[in-house]
Amino acid sequence: MSVEPGLSTTAGPDREPPPPPYARGGAPLLGHAWNLARDPLAFVAALRDSGDLVRIKLGPRTAYAVCDPDLVATLLKSPDFAVGGALWDTMEILLGKGVATSNGALHRRQRRMIQPAFRPDRIAEYATVMEEEAQAMAGRWGAGDTVDIADEVFRTAVRIVARSLLQVDSIDERADRLSSSLHEVFGGLYRRMILSIGPFYKLPLPANRRFERALADLHRLVDEIIAERRASGADPGDLLSALLAAKDENGETLNEQEVHDQAVSLLVAGAENVASSLTWTFQLLSEHPEEENRLCAEVAAVAGDGPVTFGSLPKLTHARNVITEAMRIRPGVWILTRRAMADTELGGYRIPAGADIVYSPYAMQRDPRAFARHLDFDPDRWLPERAGDVGQSAMMPFSVGNRKCPGDHFSLAEMAIILATVVRRWRLRVLPESDAAPRIGITLQPKRLRLRAEPQVTGPV
């Protein structure tokens, strides 16, 4: 652990823990804000060279960056730190007080109410929808077509979560509305996060007006879906039914706003994160044809001439490892935040109440101290005989503890079914006009990824 010279991280009976050292490279007045704005991914990756826990200056504000995976795990499991900070303050504009943004007793209450919707037997039922939508997506392309893979997988993910968890009627028209609104909202949310100081996002600029229209349309659409379900009295056994019928230990049901916020939270998580992970997976496979060949052979051996089903998944071990490695080297979520609830300490350093804490899954999962050949795309690192070499806290794509994503198994099943279904029919090749450099937003996406669909010679066309 790196500390300032002459400072002990052990607090004695008459001594408080010291503050963490400042990260290197700060500038007068701006602090580290210029580094973060100029190249945020390089900046968060370089923070580990200054210590396991460091202070960063963002103009007049001080934040605390945790760079050690084990210390991040401690942060996530400690009751002294809650979901908060610039990221979550901004996300609350979209998600309200849903399960992703709430804390304490409210979070526990909400989590208990939605967890039954993600039981293994329910995911097996949702898998039928996943299969249908994956086949529909792969069936839309023709030989030689140019595929905007980010748009394709995003729309498919929206349809899957809407059909599985909300049982939405008129899915075609509404999926287009949801996809369009969510795309615009996510771009606007990142602008609001980085311009959180000052009134910039309140100016009547075209981008701000588009954001407000898209956000209003998204919330209006979710309210329409909920109202139609209430009016119908139907109970198809999906998440929305569970939310409308759920009661807490006091016999109280969720109010209208809580139902709305939970539906939006799960719609967003089930679309944006899955789409980002799958987009990067297809991009990485196009760069590593040897891994694509192995994956094609595995899918052919497991599924034969039939569709890829939920029952296929336990045998698709290389597909699972490909997805895991893609999430490691190209995580969708690149930075997350917490807020200190009281004066406390972390890693032997003093953290004041109200302090914003940041950590970067992108930096952690590319840390050479945790991963051999850390920049290599190597799905075999997740084979049982090698996975033990990875520290328990070095890879946490769905978080840990009581903040662990309740839909992690749903998302993994969805990604595996879509990936396997596509590679049975198509090889996707990057076109010259593509730019796979990460586009920085709330999540990471390639700036412009265009793929050519070539028929899979060993599978059906």
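Quantities reported herein were computed from a predicted structural model and do not represent experimental measurements.

Definitions and limits used
Here, residues in each chain are numbered from 1, in the same order as that chain's written sequence. Only residues with pLDDT of at least 70 are given local features in this predicted model, and only at 80 or more are side-chain atom pairs given and counted; all residues enter the totals for whole chains, interfaces and linings. Side-chain metrics in this entry use all non-hydrogen atoms of the structure; hydrogen atoms and water are not considered. Partly exposed describes any residue whose relative accessible area lies between the buried limit of under 20% and the exposed limit of over 50%, with all areas from a 1.4 Å probe on protein chains only and scaled to the type maximum. Secondary structure follows DSSP: runs of H or I at least 4 residues long count as helices, runs of E at least 2 residues long count as strands, and numbering of each begins at the N terminus. Between any two strands, pairing holds if DSSP finds at least two bridges. Between rings of Phe, Tyr and Trp, where Trp is taken as its six-membered ring, a pair exists when centres lie within 6.5 Å; planes separated by under 30 degrees are stacked, by over 60 edge-to-face, and by other angles tilted. Throughout this description, the term charge over a ring refers to an Arg CZ or Lys NZ atom that lies within 6 Å of the ring centre and within 35 degrees of the ring normal. Note on definitions: angles span 0 to 180 degrees between N-to-C directions of axes, and those axes are lines fitted to C-alpha atoms, for helices only across the stretch in contact. Contacts are assigned to residue pairs with any non-hydrogen atoms lying within 4.5 Å of each other. The span one expects for a helix is its residue count, reduced by one, times 1.5 Å.

Draft legend 1. Highlighting the pairing of strand β5 (residues 336–340). Where burial is concerned, most of β5 is hidden: 4 out of the 5 residues are buried. Strand direction decides the pairing type here: strand β3 (residues 81–83) and β5, joined by 3 bridges, are antiparallel. The residue bridging valine 83 from the neighbouring strand is arginine 338, located in β5. Taken together, the 4 bridges between β5 and strand β8 (residues 356–359) define a ladder with antiparallel strand orientation. For arginine 339, the partnering residue across the bridge sits in β8 and is aspartate 356.

Draft legend 2. Inspection of the packing of aromatic side chains at higher detail. Taken as a whole and judged by the stated rule, the model has 3 aromatic pairs. Arranged with centres 6.1 Å apart and planes meeting at 85 degrees, the rings of phenylalanine 118 and phenylalanine 410 form a pair that is edge-to-face. On the criterion of sequence distance, the pair formed by phenylalanine 118 in the loop between α5 (104–114) and α6 (120–139) and phenylalanine 410 in helix α16 (residues 408–425) is long-range, its members being 292 residues apart. As far as the burial class goes, phenylalanine 118 and phenylalanine 410 line up, both buried. Measuring from centroid to centroid gives 5.6 Å for tyrosine 126 and phenylalanine 410, while their planes differ by 70 degrees, and the two rings are edge-to-face. Within this pair, whereas tyrosine 126 is found in helix α6, its partner phenylalanine 410 is found in helix α16, the two being separated by 284 residues in sequence. Accessibility classification places tyrosine 126 together with phenylalanine 410 in one group, the buried group. The rings of Phe118, Tyr126 and Phe410 are connected pair by pair, giving a single aromatic cluster. The ring of phenylalanine 371 carries the charged tip of arginine 328 above its face, separated from the ring centre by 4.8 Å.

Draft legend 3. Molecular detail of the sheet that holds strand β12 (residues 450–455). Strand order in the open sheet formed by 3 strands is β4-β12-β9, with antiparallel pairing between adjacent strands. Strands at the two margins of the open sheet, each flanked by one partner only, are β4 (146–148) and β9 (426–430). Direction aside, the axes of adjacent strands within the sheet are offset by 40 degrees on average. The pairing of β9 with β12 spans 5 bridges and is classified as antiparallel. Directly across from arginine 429, in β12, lies its bridge partner arginine 452. On the sheet, helix α7 (residues 149–165) packs against β4, β9 and β12 and is oriented at approximately 55 degrees with respect to β4.

Draft legend 4. Layout of α7. Here α7 is 17 residues long and its end C-alpha atoms lie 24 Å apart, about the 24 Å a rise of 1.5 Å per residue gives. Of all 17 residues making up α7, 13 are buried, and the element is well covered by its neighbours. In the segment just after α7, glutamine 167 is the residue with positive phi, at about 50 degrees.

Draft legend 5. Geometry of the sheet that holds β8. Within the open sheet, the 5 strands sit side by side as β1-β2-β8-β5-β3. Their pairing is mixed. Two strands bound the open sheet, and with one partner strand each, they are β1 (53–58) and β3. Pairs of neighbouring strands in the sheet enclose a mean axial angle of 35 degrees, with direction left out of account. One ladder, built from 6 bridges, connects β1 with strand β2 (residues 61–66); its direction is antiparallel. Bridged to leucine 53 within β2 is valine 66. Seen against the sheet, helix α3 (residues 69–77) touches β1, β2, β3, β5 and β8 and runs at an angle of roughly 135 degrees to β8. Strands β3, β5 and β8 of the sheet are contacted by helix α4 (residues 86–95), whose axis makes an angle of about 105 degrees with β5.

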